[in-house]
Amino acid sequence: MSKFLKDRGAFKEIKKVKVVEQYSPIVNYTNFELKDEDLKKMINCEKNILFHQQKSIEHLLSLSETLYEAQQILSNYKNGGFRNWFEEIGLKKDFVYMCLKRYNLYLNYENEKVMAIPEKMVKELSTPKIVLPKEQILEILESEKPVKKFEEIKNILSGDPTIYKNEISEAEIINDGEDEVRELEKELAKKYSQVKELQKEIKDIEYRLSILKNKVKTF
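Residues numbered from 1 in each chain as written. Predicted model: local features only at pLDDT ≥ 70, side-chain atom pairs only at ≥ 80, totals over all residues. Heavy atoms only, no water.

1. Some details on the overall build of the protein
Here is step 1 of the chain: Scanning the protein for helices and strands turns up 8 helices and 0 strands.
Here is step 2 of the chain: Sequence-ordered secondary structure for the protein, helices as α and strands as β, is α-α-α-α-α-α-α-α.
Here is step 3 of the chain: Within the span of the protein, comprising 219 residues, buried residues form 21% of the whole.
Here is step 4 of the chain: Long-range contacts, defined here as pairs at least 24 residues apart, represent 54% of the contacts in the protein between residues at least 6 apart. (Helix = DSSP H or I, 4+ residues; strand = E, 2+ residues; numbered from the N terminus. Buried < 20%, exposed > 50% of the residue type's maximum accessible area, 1.4 Å probe, protein only. Contact = heavy atoms within 4.5 Å.)

Have a look at this one:
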């Protein structure tokens, strides 16, 4: 800008004006019959709760991402390293693996609302009995009541056999491997026990069958 124009005041300093957005409450407070002062306070409470709720979702996403990153690093080393690490920090196993499930869903659907849905729904989406297309999952996440929407869609589709996964599906991934090994060992021991019982029953049936055949021959 030339000194001449500046001295002449051809350009005036533009003041920045902060625009405050008007908050529209979600709750209908008419039936509460509140005084004006209390109504303002309640609307402010609602606004603060929703603000901090959104912040908690953002923080949970960051935490889940960090746990996922740590898991990926430690998966290159001995089994159990990741679990030992987060337990040293003071985190509980159920909480950590729920965070990882949420983050895996986030990677699949790129929607941070997976951080806000209930744990039961997270588990169902992680290992689904009914396979839903990505577009439908996103529709559920974006709905005002995701759980209700999810149940509605499941009920509608439950009669279609083509949407079910095979009974033997991929094992749920537990990346540090320790828990999965224990569970599979328990399942294997149970199957061996069942096989032994079946072998006993087979031998008993074969024995009784041989006796009956011998009796039949004598007649």
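We are not done yet, so read on.
2. Quick notes on helix α2 (residues 36–74)
Here is step 1 of the chain: Under the 1.5 Å per step criterion, the end-to-end length of α2 is 57 Å for 39 residues, consistent within 8% with the ideal 57 Å.
Here is step 2 of the chain: Listing the buried residues of α2 in full gives Glu46, Ile57, Leu60, Leu61, Ser64, Leu67, Ala70 and Gln71.
Here is step 3 of the chain: Where α2 is buried, its residues meet α3 (81–89) and α4 (93–109). (Expected span 1.5 Å × (residues − 1).)

3. So, the packing of aromatic side chains
Here is step 1 of the chain: The tally for this structure, following the rule as stated, stands at 6 aromatic pairs.
Here is step 2 of the chain: Residues tyrosine 68 and tyrosine 103 carry aromatic rings whose centres are separated by 5.1 Å and whose planes lie at 45 degrees to one another, so their mutual orientation is tilted. Residue tyrosine 68 is located in helix α2, and its partner tyrosine 103 is located in helix α4; the two are separated by 35 residues in the primary sequence.
Here is step 3 of the chain: Under the relative-accessibility criterion, tyrosine 68 is labelled partly exposed at 23%.
Here is step 4 of the chain: For tyrosine 103, a relative accessible area of 6% gives the class buried. (Phe/Tyr/Trp six-rings, centres within 6.5 Å; stacked < 30°, edge-to-face > 60°.)

4. Observations concerning the nonpolar core
Here is step 1 of the chain: Among the nonpolar cores identified, the biggest contains 28 residues, and Phe82, Met115, Leu125 and Leu132 are the most heavily contacted of them.
Here is step 2 of the chain: Elements with a contribution of two residues or more to this core: α2, α3, α4, α5 (119–126), α6 (134–142) and α7 (146–157). (Core = buried A, V, L, I, M, F, W, Y, C linked by side-chain atoms within 4.5 Å.)

5. Overview of the side chain of serine 64
Here is step 1 of the chain: In this structure, serine 64 sits in helix α2.
Here is step 2 of the chain: Looking at serine 64, the relative accessible area reads 0%, which means it is buried.
Here is step 3 of the chain: Setting aside anything within four residues of it in sequence, one finds serine 64 in contact with Cys99, Tyr103 and Met115.

6. Observations regarding the environment of arginine 102
Here is step 1 of the chain: Tracing the backbone shows arginine 102 in helix α4.
Here is step 2 of the chain: Separated by 17 residues in sequence, arginine 102 and glutamate 119 place their C-alpha atoms 8.9 Å apart.
Here is step 3 of the chain: Setting aside its immediate chain neighbours within four residues, arginine 102 contacts Leu60, Val114, Met115, Ala116, Ile117, Pro118, Glu119 and Val122.

7. Some details on the pattern of salt bridges
Here is step 1 of the chain: Under the definition given, this model contains 7 salt bridges.
Here is step 2 of the chain: With a closest N to O distance of 3.2 Å, lysine 149 and glutamate 139 form a salt bridge. Taken together, the residues lysine 149 in helix α7 and glutamate 139 in helix α6 connect sequence positions 10 residues apart.
Here is step 3 of the chain: For lysine 149, a relative accessible area of 24% gives the class partly exposed.
Here is step 4 of the chain: We classify glutamate 139 as partly exposed; its relative accessible area is 39%. (Salt bridge = Lys/Arg side-chain N within 4 Å of Asp/Glu carboxyl O.)

8. Remarks on a nonpolar patch on the surface
Here is step 1 of the chain: On the surface, Ile26, Val27, Phe32, Leu34, Met42 and Leu50 cluster together into a nonpolar patch covering about 520 Å² of accessible area.
Here is step 2 of the chain: Tracing the backbone through its elements, the reader meets valine 27 in the loop between α1 (3–8) and α2.
Here is step 3 of the chain: With a relative accessible area of 36%, valine 27 lands in the partly exposed category. (Patch = residues over 30% accessible without salt bridge, like charges linked within 9 Å, V, L, I, M, F, W, Y side chains within 5 Å. Areas by Shrake-Rupley, 256 points an atom, 1.4 Å probe, with all protein chains shown as cover.)

9. Remarks on the packing of α6 against α7
Here is step 1 of the chain: For the pair α6 and α7, interaxial distance at closest approach is 7 Å and the crossing angle is 145 degrees. Every residue of α7 that contacts α6 at Gln136, Glu139, Ile140 and Leu141 is listed here: Pro146, Lys149, Phe150, Ile153 and Leu157.
Here is step 2 of the chain: Per-class residue counts for the contact of α6 with α7 are 6 nonpolar, 1 polar and 2 charged. (Axes fitted to C-alpha atoms, helices over the stretch in contact; angles between N-to-C directions. Nonpolar A, V, L, I, M, F, W, Y, C, P; charged D, E, K, R; others polar.)

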